[in-house]
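# Summary of the model geometry
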Amino acid sequence: HGTTKINRHGRLEIGGVDTAELAERFGTPLYVVDEALVRERCRQFMDAFRASGVPFEVSYASKAFCVKAIVRVVEEEGLSLDVVSDGELYTALEAGFPAKKIHFHGNNKTPEEIAMGLDAGIGCFVVDNFTEIALLNAMAGERGIRAKALLRITPGVEAHTHEFISTGQEDSKFGFNLAGGAAFEAVKATVAAPHLELLGVHSHIGSQIFEVEGFRLAAEKMADFAVEAKSKLGVSFPVVNLGGGFGIRYVEGDRPLPVAEYVKAITDAVKERFGAHGLPLPSIWVEPGRSIVGDAGTTLYTVGSVKDIPGVRKYVAVNGGMTDNPRPALYDAVYEAVLANRANDAPEETVSIAGKCCESGDMLIWDLDLPKVNAGDTLAVFCTGAYNYSMASNYNRLRRPAVAFVKDGVAELVVRRETYEDLVANDVVPERLRKLPA
Ligand code: LLP
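Bear in mind the structure is a predicted one, so any value in this text is a computation, not a measurement. (Residues numbered from 1 in each chain as written. Predicted model: local features only at pLDDT ≥ 70, side-chain atom pairs only at ≥ 80, totals over all residues.)

## Quick word on the overall build of the protein chain
Secondary structure summary: the protein chain contains 12 helices and 23 strands in total. Relative to the compact-globule value of 22 Å for 438 residues, the protein chain shows a C-alpha radius of gyration of 24 Å, a close match. Buried residues in the protein chain amount to 47% of all 438 residues. A fraction of 68% describes how many contacts in the protein chain between residues 6 or more apart in sequence connect residues 24 or more apart. (Helix = DSSP H or I, 4+ residues; strand = E, 2+ residues; numbered from the N terminus. Rg over C-alpha atoms; globule rule 2.2 N^0.38 Å. Buried ≥ 20, exposed ≤ 12 C-beta atoms within 10 Å, placed from the backbone. Contact = placed C-beta atoms within 7 Å.)

Okay, here's the thing in structure tokens:
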């Protein structure tokens, strides 16, 4: 996929760069990002929206992978940016991302985070709850400004990979529930708040979704809600944001639709539902994270210890694991992988890929068919661009890996590997515990 292929040396190559060269130059574990593929995914969203002829905004959900270089790429591709914390906002601003195109999410934005967003002049806050309505209004008031607000609505639609459920009542920490009238009260409160400008409504129904029905249903609920707001309060929603969640192919058997089909389903549903009620067409926003960066990422590891339990299982351990990819441990997520240095060799054995952390749950892949594996081989795990680096940890005091972008035969470092000094940089030893010089 993307620019990933096997070269004439029988080695995996990404962005025109041999993975052996990448491992040699940057060390392993290494996250490799196929920049051309990220750009292609951005363009698929932008082109599909342009083709639909509706006003729109595509906002990259930076939680999937938030470093300065990726922020630069999505800005160049014309996307907006979602942030959910002061740290993501800081990264975006440091990368020079235009504040007006930044949207601030989160169910518990601190006063410090709100101040940071207001003072930077970000485009809007996706307001999650009544506490936040009051806080944002007060803090915007102190600054003599009006903050733009989208209200996060919990529509009672839960999308799963293959099915969607309309629950009516939803038990979630996020947003204003439609059922029970909280969402309606939130519109009233926002309109009544002198320092808030109601931009519209937002919903996010889940992640790694393949089917379009859930998005359609959410669009329908938003339109019904827009009718209620218009008829009872005379309020309209210039923006309807249907969130992210577009699925990607991690393994054979995952069947995401082409990006354009999700976009078409969403724009059609909003056009149709708002049209049917005689409402003006709102600007349609989406927030893809995983589908922008997920399949553009590949992690390279070096194989170390091998443990064979005859008749039971062969464990092949790599020099990373749940610290750089916690998704298998957290969600039972599945991945595909190949031996990058012998990519043409036929499979000879079934092995399970273990991480190096001190716990049994640190397994990356169960039952993977590989050529005969030896210590020193390079394992390439695919589809690690989303929620890997961004959820990485220093468990066992492992250093977070480096990240390299590859494109047109050129590899560039975009995050340097953590150093031992980085690991202890924030440690403070109280005077009384210090070791006296000998
Ligand atoms: N918008 C909102 C409000 C969200 O909460 C999320 C993801 C997105 C957009 C982007 O969703 P995406 O297009 O990436 O599916 N750590 C988990 C995924 C958590 C997703 C949280 N919200 C994982 O590794 O699968």
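There's plenty left to go through after this.
## Comments concerning the domain arrangement of the protein chain
Along its sequence, the protein chain is organised into domain 1 (5-33 + 294-422) and domain 2 (35-292). Here the C-alpha centroids of domain 1 and domain 2 sit 33 Å apart. With 20 residues of domain 1 at the interface, the matching set in domain 2 holds 17 residues. Within the residue set of the side of domain 1 that touches domain 2, elements represented by two or more residues are β22 (402-407) and β23 (410-415). (Domains from an automatic or database assignment.)

## Quick look at the site of the ligand
Taken together, 18 residues form the shell around the ligand, and within it Ser-207, Gly-244, Gly-289, Arg-290 and Tyr-387 come nearest. Tallied by class, residues from the shell around the ligand come to 7 nonpolar, 8 polar and 3 charged. No fewer than three residues from each of domain 1 (5-33 + 294-422) and domain 2 (35-292) sit in the shell around the ligand. (Near = placed C-beta within 6 Å. Nonpolar A, V, L, I, M, F, W, Y, C, P; charged D, E, K, R; others polar.)

## Some remarks on the packing of helix α4 (residues 86-94) against helix α5 (residues 111-120)
For any two helices packed against each other, one specifies the inter-axial angle together with the distance between the axes. Their axes nearest at 10 Å, the elements α4 and α5 cross at an angle of 25°. Taken as axis vectors, α4 and α5 run roughly parallel relative to one another. By crossing handedness, the relation of α4 to α5 is classed as left-handed. Residues Asp-86, Leu-89 and Leu-93 of α4 touch α5, and the partners they reach there are Glu-112, Glu-113, Met-116, Gly-117 and Ala-120. Counted by class, the contact of α4 with α5 contains 4 nonpolar, 1 polar and 3 charged residues. (Axes fitted to C-alpha atoms, helices over the stretch in contact; angles between N-to-C directions. Parallel < 35°, antiparallel > 145°, perpendicular 65-115°, else oblique. Left-handed = near helix turned anticlockwise from the far one by under 90°.)

## Quick word on the nonpolar core
Counting residues in each nonpolar core, the largest one holds 126 residues, and the members touching the most others are Ala-149, Leu-151, Ile-266, Ile-353, Leu-379 and Ala-404. Per-element tally for this core: the top contributor is helix α8 (residues 213-233), with 9 residues. Built from parts of two domains, this core gets at least three residues from each of domain 1 (5-33 + 294-422) and domain 2 (35-292). In contact with Leu-151, other than residues within four places in its own chain, are Val-127, Phe-176, Ala-183, Ala-186, Val-187, Thr-190, Val-201 and His-202. (Core = buried A, V, L, I, M, F, W, Y, C linked by C-beta atoms within 7 Å.)

## Overview of helix α1 (residues 19-26)
Taken together, the buried positions of α1 are occupied by Thr-19, Leu-22, Ala-23 and Phe-26. Relative to the axis of α1, the buried residues are bounded by an arc of 95° and lie together on one face. A positive phi of about 80° marks Gly-27, the residue just after α1. (Arc of directions from axis to C-beta.)

## Observations concerning unusual backbone geometry
The omega torsion of the bond from Thr-28 to Pro-29 falls at -5°, within 30 degrees of zero and hence cis. With respect to the secondary-structure elements, Pro-29 resides in the loop between α1 and β4 (30-34). Its identity as a non-glycine residue notwithstanding, Cys-383 has a phi of 65°, on the positive side. With respect to the element layout, Cys-383 can be found in the loop between β21 (378-382) and β22. Residues other than glycine seldom take positive phi values, yet Asp-408 does so here, at roughly 50°. Relative to the assigned elements, Asp-408 resides in the loop between β22 and β23.

## Some thoughts on the pairing of strand β13 (residues 196-202)
With 6 of 7 residues buried, β13 is to be regarded as a mostly interior element. Pairing geometry for strand β9 (residues 147-154) and β13, over 6 bridges, is parallel. By the bridge assignment for β13, Leu-151 is matched with Val-201. As paired strands, β13 and strand β14 (residues 239-241) are joined by 3 bridges and run parallel to one another. Residue pairing for β14: His-202 is matched across the bridge by Asn-241. Once the chain exits β13 it traverses α8 before rejoining the sheet at β14, and the crossover so formed is right-handed. (Pairing = 2+ DSSP bridges. Right-handed = clockwise from strand over helix to strand, strands pointing away.)

## Some thoughts on the sheet that holds strand β3 (residues 17-18)
Spatially, the 3 strands line up as an open sheet ordered β1-β2-β3, and their pairing is antiparallel. At either margin of the open sheet sits one strand with a lone partner, and together these are β1 (5-6) and β3. Two strands pair when backbone bridges link them, and strand β2 (residues 12-14) and β3 are joined in this way by 2 bridges, in the antiparallel orientation. Along β3, the bridge assignment pairs Glu-13 with Asp-18.

## With respect to helix α6 (residues 130-142)
With 13 residues, α6 should reach 18 Å at 1.5 Å per residue; the first-to-last C-alpha distance of 19 Å fits that figure. For α6, every residue scored as buried is listed here: Glu-132, Ile-133, Leu-136, Asn-137 and Ala-140. The buried residues of α6 occupy one face: seen down the axis, they fall within an arc of 130°. Looking at α6, the residues exposed on the side facing more than 90 degrees away from the buried face are Thr-131 and Glu-142. The inward-facing, buried residues of α6 contact α5, β8 (124-127), β9, α7 (182-192) and β13. Two residues or fewer past α6, Gly-144 is found with a positive phi of approximately 65°. (Expected span 1.5 Å × (residues − 1).)

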